[in-house]
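A look at the structure
Here's the letter readout for the chains.
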Amino acid sequence: MSTRTLVSPAALARPRGRATYWTVFTTIVLLFALAFLFPVYWMVTGAMKSPDEVAQTPPTIVPEEWHLSGYTDAWDLMRLPTHLWNTVVQAAGAWLFQLVLCTAAAYALSKLRPVFGKVILGGILATLMVPAQALVVPKYMTVADLGLLNEPLAIWLPAVANAFNLYLLKRFFDQIPRDVLEAAEIDGAGRLRILWSIVLPMSRPVLGVVSIFALVAVWQDFLWPLMVFSDTDKQPISVALVQLSQNIQLTVLIAAMVIASIPMVAMFLVFQRHIIAGISAGSTKG
């Protein structure tokens, strides 16, 4: 059965139609690329301008003089290595705790089928309807009562229970053929062995997506770290950029923002194939 498209195969077969198609296609791709990449270019080059040039009107597209001092000053004056390391520790811990708990819970709800499993899943999904801002005060009081203020556990523990990631994992586990798990049981594999040796290797795409969601959520969070980290030396980069931006030149602040965004951009570029595979994996039955 032939597939109908916006441009017919007969039109593409003609030289004029083929030239028109590729001209329009290339123009659209270039326009979208420019729309996405120009803000990045503006930030990177803005940190290389002088303070007067950044503030001038109309703005300059290309710096009149290139200065790298904005990046070096941002690295030293705003203590970026310390705050970047704090962010890495907080994000890595939250990712690890969340991955272990959500994977175990999703596996239990999907394959072990506990009593009242559907009721438990419904209660978990009901938390998605509660605004995150409504939970800030009870979370803060709980963390304060436990004496976890200014500690990484104040970030790790609240991030553990993520209903969206848990549901995402469960839906993927539901698509794993039951015959594969039964064959492993016949060979003598226990439930933990099946999870470790069969389910997790088959779930690499969705685990990659969940990992991206978990890391980005902690990396870009601002309100919660601002509340639990009063010690400046322990604050993540998202909070430190705001707290230390006073009396800092605009070019230095822009440079700090560029440096702070590099890890997330690099992670997306490296793992983009896994992200696409994980998203598409949920639409096909295994």
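Keep in mind that what you see is a predicted model, and the values were worked out from it rather than measured. The residue count restarts for each chain, going from 1 along the sequence in the order it is written. Per-residue local features of the predicted model are confined to residues with pLDDT of at least 70, and side-chain atom pairs are confined, for both listing and counting, to 80 or more; whole-chain, interface and lining totals are unaffected and use all residues. Derived side-chain values reflect all non-hydrogen atoms in the structure, with water molecules and hydrogen atoms excluded from consideration.

The next thing to look at is the pattern of salt bridges. Pairing is possible between side chains of opposite charge, provided their charged atoms come close. For salt bridges, the criterion is a side-chain nitrogen of Lys or Arg within 4 Å of an Asp or Glu carboxyl oxygen. All told, the structure shown has 2 salt bridges when counted by the stated rule. With a closest N to O distance of 2.7 Å, R79 and D233 form a salt bridge. Here D233 lies in the loop between α13 (223-228) and α14 (237-243) and R79 lies in the loop between α4 (69-77) and α5 (80-112), a separation of 154 residues in the sequence. The shortest N-O distance in the salt bridge between D174 and K170 comes to 2.9 Å. One end of the pair is D174 and the other is K170, both in helix α9 (residues 163-174) and 4 residues apart, which spans about a single turn. Given the relative accessible area of 30%, D174 is considered partly exposed. Burial classes follow relative accessibility: with a 1.4 Å probe on protein chains only, a residue under 20% of its type's maximum area counts as buried, one over 50% as exposed, and anything between as partly exposed. For K170, a relative accessible area of 12% translates into the label buried. Strands here mean DSSP runs of E at least two residues long; helices mean DSSP runs of H or I at least four residues long; both are numbered from the N terminus.

This part is about the nonpolar core. To qualify as a nonpolar core, a set must consist of buried Ala, Val, Leu, Ile, Met, Phe, Trp, Tyr and Cys residues joined through side-chain atoms within 4.5 Å. Y71, M78, L80, I155, I237 and L241 are the most contacted members of the largest nonpolar core, which totals 35 residues. Elements with a contribution of two residues or more to this core: α4, α5, α8 (153-160), α12 (204-220), α13, α14 and α15 (250-281). Broken down by element, the residue count for this core peaks at 10 residues, all from α15. Membership of the second largest hydrophobic core comes to 21 residues, among which are A106, L166, I198 and L200.

This part takes up α8. Taken as a whole, α8 has its buried residues at A154, I155, W156, A159 and V160. In this description, contact between two residues means that some pair of their heavy atoms is separated by no more than 4.5 Å. Of the surrounding elements, those touching the buried residues of α8 are α5, α7 (136-145), α12 and α13.

A few words now on the confidence of the model for the protein chain. What pLDDT expresses is the predictor's confidence in each residue, scored from 0 to 100. On average, the protein chain scores 84 in pLDDT, and the residues at 70 or more come to 92%. Per-residue pLDDT stays below 50 along residues 282-286; that stretch engages in 5 contacts with residues further than four places along the chain or on separate chains.

Take the side chain of S238 next. Secondary-structure assignment places S238 in helix α14. Within the structure, the side chain of S238 is placed 2.7 Å from the backbone oxygen of D221, a separation counted as a polar contact. Excluding residues that lie within four positions of it along the chain, S238 makes contacts with W219, D221 and F222. Throughout this description, a polar contact denotes any pair of N or O atoms lying within 3.5 Å of each other; where both atoms belong to protein, one of them has to be capable of donating a hydrogen while the other can accept it, and for residues adjacent in sequence the pair is counted only when both atoms sit in side chains.

Okay, the environment of F172 next. Residue placement: F172 occurs in helix α9. Overall, the relative accessible area of 10% leaves F172 in the buried class. The sequence separation of F172 and S110 amounts to 62 residues, and the corresponding C-alpha distance is 9.0 Å.

So, on to the packing of helix α10 (residues 178-186) against helix α11 (residues 191-202). Axis definition: a line fitted to C-alpha atoms, over the contacting stretch in the case of helices. Angles run 0 to 180 degrees between N-to-C directions. At their nearest, the axes of α10 and α11 sit 11 Å apart, and the two run at 135° to each other. Here α10 lies oblique to α11, going by the angle between them. Here α10 and α11 pass one another in a crossing that is right-handed. Along the contact surface, α10 presents V180, L181, A184 and E185, while α11 presents I194, I198 and V199. For this scheme, ten residues count as nonpolar: Ala, Val, Leu, Ile, Met, Phe, Trp, Tyr, Cys and Pro. Four count as charged, namely Asp, Glu, Lys and Arg, and the remainder, Gly too, count as polar. Along the lines of polarity and charge, the residues of the contact of α10 with α11 split into 6 nonpolar, no polar and 1 charged. Oblique is the label for every angle not falling under 35 degrees (roughly parallel), over 145 degrees (roughly antiparallel), or within 65 to 115 degrees (roughly perpendicular). Each crossing gets its hand from how the near helix is turned against the far one by less than a right angle, where anticlockwise is left-handed and clockwise is right-handed.

As for its placement among the helices and strands, Q98 is situated in helix α5. Discounting chain neighbours no more than four positions away, the residues touching Q98 are T103, A159, V160, N162, N165 and A214.

The next subject is α4. Of all the positions in α4, only G70, Y71 and A74 are classed as buried. In an axial view of α4, the angular spread of the buried residues amounts to 100°, which keeps them on one side of the axis. Opposite the buried face of α4, at more than 90 degrees from it, the exposed residues are D76 and L77. Among the residues trailing α4, R79 stands out with phi positive, at a value near 50°. Working note: the arc is built from the helix axis to C-beta atom directions.

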